[in-house]
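Breakdown of the fold
Okay, here's what each chain looks like letter by letter:
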Amino acid sequence: PRLDRPFLIQPFLGASGDKVIAVGAHFPRPKFSPELNVYTATASTAKLKDALAEVRQESAAEKIVLMADTNAWSWISNEQIWQGQLELPGSLVGTELMQTCCLDADFPPAFTFD
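Here's what I pulled together on the structure shown here. For every chain, the first residue of the written sequence is number 1, and numbering continues from 1 onward in sequence order. Totals for whole chains, interfaces and linings use all residues, but because this is a predicted model, local features are given only for residues with pLDDT of at least 70 and pairs of side-chain atoms are given and counted only at 80 or more. Side-chain numbers here rest on the full set of heavy atoms in the structure, without hydrogens or water.

**Focus on helix 3 (residues 78-85)**
Among the residues of helix 3, Ile81, Trp82 and Gln85 are the ones counted as buried. Buried positions in helix 3, seen along its axis, are confined to an arc of 120° and lie on one side of it. The contact criterion used throughout is that any non-hydrogen atoms of two residues lie within 4.5 Å. Each helix is a run of DSSP H or I of at least 4 residues and each strand a run of E of at least 2, with the numbering of both proceeding from the N terminus. On the buried face of helix 3, the contacting elements are helix 1 (36-42), helix 2 (46-59) and strand 3 (63-69). Throughout, exposure labels follow a simple rule: accessible area from a 1.4 Å probe, protein chains only, divided by the maximum for the residue type, with under 20% read as buried, over 50% as exposed, and the rest as partly exposed. The arc in question is formed by the directions pointing from the helix axis toward the C-beta atoms.

**Some remarks on the environment of phenylalanine 12**
Looking at the secondary structure, you find phenylalanine 12 in strand 1 (residues 7-13). Among the residues examined, phenylalanine 12 registers a relative accessible area of 49% and is labelled partly exposed. Residues contacting phenylalanine 12, with those up to four places away along its chain left out, are Asp18, Lys19, Val20 and Ala22.

**Side note on helix 2**
Between the first and last C-alpha of helix 2 there are 20 Å, a value that for 14 residues agrees with the 20 Å anticipated at 1.5 Å per step. For helix 2, the full list of buried residues reads Leu48, Leu52, Val55 and Ser59. With its buried residues spanning 65° around the axis, helix 2 presents them on a single face. Exposed and oriented more than 90 degrees from the buried face of helix 2 are Asp50, Gln57 and Glu58. Of the surrounding secondary structure, the elements contacted by the buried residues of helix 2 are strand 1, strand 2 (19-26) and strand 3. Alanine 60 sits one or two residues past helix 2 and shows a positive phi near 60°. Each helix should span, by expectation, one fewer than its residue count multiplied by 1.5 Å.

Here's what the structure looks like:
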């Protein structure tokens, strides 16, 4: 599988002085498995994680907005992606699984990505 999916990272300084990093990313497709470690190993985000760590250090931003096609199976939670896959600290506010794919089939296990 290709492990070099595209991403963009941009720090911003808000009018209130808050430092925020916006991330747009498309994660690699994982192998089908109910195991989190298989998702983590096969939907590798190492390049994204490293680049995000560098921008966080340079910008001193604490807040991150992630807009991503994570290609995660329905049983992979936002928290598992945030803390496990990207190894980001802090609290998280995320969306529920949404039908956003071109093949919206009510989330059958074999075709559910979000």
